[in-house]
Amino acid sequence: MMDKHIFESAEGLVLASLRGTVAQNPALRLHAPTKTAYIAHPSPSADIALISGGGAGHEPAHAGYTGHGMLTSSVSGDIFASPSAKQILAAIELAAFSGDVLIVINNYTGDRLNFGLAIEQARGKYPGLNIMFVLNADDVSLLPQTRGGEGEGGMVGPRGLGGNILVCKVLGAYTAFGARVSTPPTYPRPTLDRTKLLGDVLVAHLRSLGATLGHCHVPGREPHSGMFVATSRQLIELGLGLHNEPGVRRVPLISPAWLVSEMVRVVRGSTDKREQYDANGTWLRPGDEIVLFINNLGGVSTLEIGAVVELVRKELALHGTVPARIYSAPYMTSLNAPGFSISLSIGDSNSPTDPIDLLALIDAPTEAISWVGLRSWPTRGSGNVRSAEAEEVEAEETLQSIRASFSLITSAGSSSHAGESQGHGGFTWTDLGFSAEEIERGVRGACESVFAAEADMTKFDTVVGDGDCGETFVGGGRAILVALDSHTLNPQTMGPALFVSKVGEILEGCMGGTIGALFAIFFTAWSIALRRSTHAPLNEALVTLGKHTPARPGDRTVVDALAPLCEIMLSWASSSTTTLTTADLEEAAEATKRGAESTRGMRARLGRASYVTEDGDGEGVPPDPGAWGVAAMVEGFVRGVKGVRRG
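Residues numbered from 1 in each chain as written. Predicted model: local features only at pLDDT ≥ 70, side-chain atom pairs only at ≥ 80, totals over all residues. Heavy atoms only, no water.

Digging into the packing of helix α17 (residues 582-597) against helix α19 (residues 625-645)
Here α17 crosses α19 at 165 degrees, and the two axes come no closer than 8 Å. Put simply, α17 runs roughly antiparallel to α19. Where α17 crosses over α19, the handedness of that crossing is left-handed. For the pair α17 and α19, the contacting residues are Thr582, Leu585, Glu586, Ala588, Ala589, Thr592, Lys593, Ala596 and Glu597 in the first and Ala627, Trp628, Val630, Ala631, Val634, Glu635, Val638, Val641, Lys642 and Arg645 in the second. Along the lines of polarity and charge, the residues of the contact of α17 with α19 split into 11 nonpolar, 2 polar and 6 charged. (Axes fitted to C-alpha atoms, helices over the stretch in contact; angles between N-to-C directions. Helix = DSSP H or I, 4+ residues; strand = E, 2+ residues; numbered from the N terminus. Parallel < 35°, antiparallel > 145°, perpendicular 65-115°, else oblique. Left-handed = near helix turned anticlockwise from the far one by under 90°. Contact = heavy atoms within 4.5 Å. Nonpolar A, V, L, I, M, F, W, Y, C, P; charged D, E, K, R; others polar.)

Below, the structure is given as structure tokens:
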């Protein structure tokens, strides 16, 4: 449980948050004394005002969902406390421009009592006011079948969870657009009765279940007092509400896949929320259009929630269900609780006499700033049932087609050049002063040298970085050896340009982080320069690398080792000598090693090492591990070539 906050106290926090939300939408106004956000100038065509609200701590609910196409007004209590009847009455008054009001209430005791009192007060104060409410009760965890006994949970009933926001979206769109969106034009405009009926039907076909790794923390409260106790790292709570209350059961977290499978099983198997549970049944019917709605309770990373969506999608597919709509966001949070809820709903009203297209209502536009949902989905009957697997195959085929097209263009443009049978044209190995056998032995020697230097690189990087440099270099070396052994990397059949390009491609795929990107740029640029038969290909690669990184000699990076190597090779290319001698190679290896050694004690100006040595003079700091790895590669390459030349 994260118990650190920007705001050390909750005092004044709710009102400040509401002001910040309203500031993002010029159409809204805030009545600060009652914490009510409302549309200042509602559409004259809207006949019904839609209201919802509840305790704070669930942001962006409900002020973030106030705006044309969703709520007309919303009201907030204090953190996890229902707004008072006085507050709710003001929200009704600020929204009741037409005389018809529908309120969405989450099924919690405090909310039901205070909203109920406000409704009765409004009816008494304004006799001409037509007001109804929809009770959102989408939680299935308190049903008898979930708790393990028919007699338990009956008085409480299903609580309201994140599905509340889906209800607000559908009803808000229906009151705003009505027949223009959801039904044929021949059907009547929305009435209060029809809108309430739609809400009741939607709630009846909406089921949710929540899970959390721990409880949230309220600013200003003790982190481990009362109910604010986090669960064990190995446990997860299933069937929790939105107000930091414990879950229905606490179970071992076997795996993410198990968790999702268990949650989907409970939601699918809940049958009707008011009928006896059938363990072998499901309330979903063949042909139903299903909406998947995943609500982040506020403390789960976006990275993990994306993976949760994928697990849920796969689990539903095992049951033959492909959602017509998928939504995922922190719609209705519990402050920073590390959990989420899964909701399923049917996207069709299933009424032949009064059809309402729920999917169209969900897709309808809204000016509410916090609604997250794509508006463009495949139309019904188009045959475009989405398959993630098929779409991924399509993506790969598209990429390969694009690459093949460019390859044809390149081949056509270079077909007139002779002597390019080894691939990519340009220099041959002989032009560069090597044989194909020397290149292979040299590359293998470079890999072996990197393996031998792994311990040093790891030790150096543990001091100045995150300790993974040696492992990263070794991963690259292993991948290169695999490619050589399988002949996917073969200097006998590949010319220098193609060979170097392939090496860069391999390193990019297996060496993560900054070093992988640096090598990929360097080898790609080197390949291009080789293909163009430029004067000094290796030096051109270094120049190109300098366009993408500010690293220069003296900055304590791999450039400190690469620069002297490229300088030696430039000197050789500028001489009249056509043969690269063993002495030339040894000089290059020595210069590279000196460059790497020069980084010992050097203050870093880039990368993680710059944070470590920033306040010191660099004394006692080991050599840059990346530069050390480059020196090991060059030294091993030269050793391998010398082995061939000695016979």
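Some details on the side chain of Ser76
Here Ser76 lies in strand β4 (residues 73-79). Ser76 gets classed as buried once you look at its relative accessible area, which sits at 7%. Residues in contact with Ser76, not counting those within four places in the same chain, are Val14, Leu18, Thr34, Lys35, Gly54, Gly55, Ala56, Pro83 and Gln87. (Buried < 20%, exposed > 50% of the residue type's maximum accessible area, 1.4 Å probe, protein only.)

Observations concerning the environment of Val630
Tracing the sequence through the fold places Val630 in helix α19. Separated by 184 residues in sequence, Val630 and Ala446 have C-alpha atoms that sit 9.2 Å apart. With near-sequence residues (within four places) excluded, Val630 lies in contact with Phe473, Phe519, Val558, Ala561, Leu562 and Thr592.

Regarding the pairing of strand β6 (residues 130-136)
The sheet contact formed by strand β5 (residues 100-106) and β6 spans 7 bridges and is parallel. Note on β6: the bridge partner recorded for Ile103 is Phe133. Of the crossover connections in this fold, the one passing from β5 over helix α3 (residues 109-125) to the parallel β6 is right-handed. (Pairing = 2+ DSSP bridges. Right-handed = clockwise from strand over helix to strand, strands pointing away.)

Quick word on helix α1 (residues 13-23)
At 3.6 residues per turn, the α-helix brings residues three or four places apart onto the same side. The complete set of buried residues in α1 reads Val14, Leu18, Thr21 and Val22. Buried positions in α1, seen along its axis, are confined to an arc of 95 degrees and lie on one side of it. Looking at the buried positions of α1, the neighbouring elements they touch are β1 (28-31), β2 (36-39), β3 (49-56) and β4. (Arc of directions from axis to C-beta.)

Concerning helix α6 (residues 192-204)
With 13 residues, α6 should reach 18 Å at 1.5 Å per residue; the first-to-last C-alpha distance of 18 Å fits that figure. Among the residues making up α6, those that are buried are Leu192, Arg194, Thr195, Leu198, Gly199, Leu202 and Val203. As for α6, its buried residues are in contact with β5, β6, α5 (163-177), β7 (206-212), β12 (339-346) and α9 (358-363). (Expected span 1.5 Å × (residues − 1).)

Things to note about the packing of aromatic side chains
This structure, assessed with the given rule, holds 12 aromatic pairs. On the basis of an interplanar angle of 80 degrees and a centroid distance of 5.6 Å, the ring pair of Trp429 and Phe499 is categorised as edge-to-face. A residue pair is termed long-range when its members are at least 10 positions apart, and Trp429 in the loop between α10 (388-414) and α11 (436-464) and Phe499 in helix α13 (residues 496-510) qualify at 70 residues. Like Phe499, Trp429 is buried. (Phe/Tyr/Trp six-rings, centres within 6.5 Å; stacked < 30°, edge-to-face > 60°.)

A short note on the sheet that holds strand β8 (residues 235-238)
With mixed pairing, the 6 strands of this open sheet are ordered in space as β9-β8-β7-β12-β10-β11. Strand pairing shows two members of the sheet lacking a second neighbour, β9 (249-252) and β11 (325-329), which therefore form its edges. Averaged over all adjacent pairs, the angle separating strand axes in this sheet is 20 degrees, with direction ignored. Bridge count for strand β10 (residues 290-296) against β12 is 7 bridges, and the pairing is antiparallel.

Observations concerning the confidence of the model for the chain
Here the chain averages 85 in pLDDT, while 84% of its residues score no lower than 70. Predicted confidence is poor over residues 147-154, with pLDDT under 50, and the contacts of this stretch with residues over four places away or in other chains come to 11 contacts. Under a pLDDT of 50 for its full length, residues 224-229 has, in the predicted model, 13 contacts with residues more than four places off or in other chains. (pLDDT = per-residue confidence, 0-100.)

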